[in-house]
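# Summary of the model geometry
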Amino acid sequence: SPEFDDTAPQTTRELVAPLTEGTHFWRVRAMNAFGTAGAWSETRTFTIAVPLTAPVLLTPEVDATETTGLPAFTWEAVVDGVTYQIQVDNNEDFSSPEFEDVAAGTSREPGASLENGLYYWRVRAINKNGLPGEWSLVWSFTVSLP
């Protein structure tokens, strides 16, 4: 069931309508002056992915102080986001995350208590094809254990 099937006198062709998101397959074959078709080329694949928007962070809020060491990170869902990657680091450049995970939902807690200090966190959505979207804004919070 081809989404596009056409004959052209040149070796390039542009589609007349956009393809849907997902994996697509294509192949080509030549025809001689008498209309006799040759063998099909190898089938090739490509993926069209609509860029995902960045999640909106909810908690912990910017400059919040957490006293448990196990803050509950929450964010808004992204259209077509299937999973979400979260990073929490005490370095603003996220060079060595203290906590990093992929979550199916829109909330996550670290597996172990964070130590006292300033932390930064961000989240990005991942679509059904495994392609990540843009990172959220970076928010900071402080862990201050009693």
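Scope of this entry: the structure provided in the associated data block. Since the model is a prediction, treat every value here as computed from it, not as a measurement. (Residues numbered from 1 in each chain as written. Predicted model: local features only at pLDDT ≥ 70, side-chain atom pairs only at ≥ 80, totals over all residues. Heavy atoms only, no water.)

### Structural notes on the sheet that holds strand β10 (residues 139-143)
If you walk across this open sheet you meet the 5 strands as β4-β10-β9-β6-β7, and the pairing is mixed. At either end of the open sheet lies a strand with only one pairing partner, and these are β4 (64-66) and β7 (99-103). Neighbour to neighbour, the strand axes of the sheet diverge by 25° on average, direction disregarded. For strand β6 (residues 83-89) and β7, the ladder comprises 5 bridges, and the chain directions are antiparallel. (Pairing = 2+ DSSP bridges. Helix = DSSP H or I, 4+ residues; strand = E, 2+ residues; numbered from the N terminus. Axes fitted to C-alpha atoms, helices over the stretch in contact; angles between N-to-C directions.)

### Remarks on the environment of L15
Tracing the chain through its elements places L15 in the segment before β1 (22-26). For L15, a relative accessible area of 41% corresponds to the partly exposed category. Counting along the chain gives 10 residues from L15 to D5, while the straight-line C-alpha distance between them is 9.6 Å. (Buried < 20%, exposed > 50% of the residue type's maximum accessible area, 1.4 Å probe, protein only.)

### Some details on the sheet that holds strand β8 (residues 107-108)
Pairing in this open sheet of 3 strands is antiparallel, and the strands run β3-β5-β8 from one edge to the other. Edge positions in the open sheet fall to β3 (57-59) and β8, since each of these has one partner strand only. As defined by bridge partners, strand β5 (residues 73-75) adjoins β8 across 2 bridges and the pair is classed as antiparallel. If you follow F73 over to β8, its bridge partner there is R108.

Note that every value here comes from positions in space, so none of it alone points to a role or purpose.
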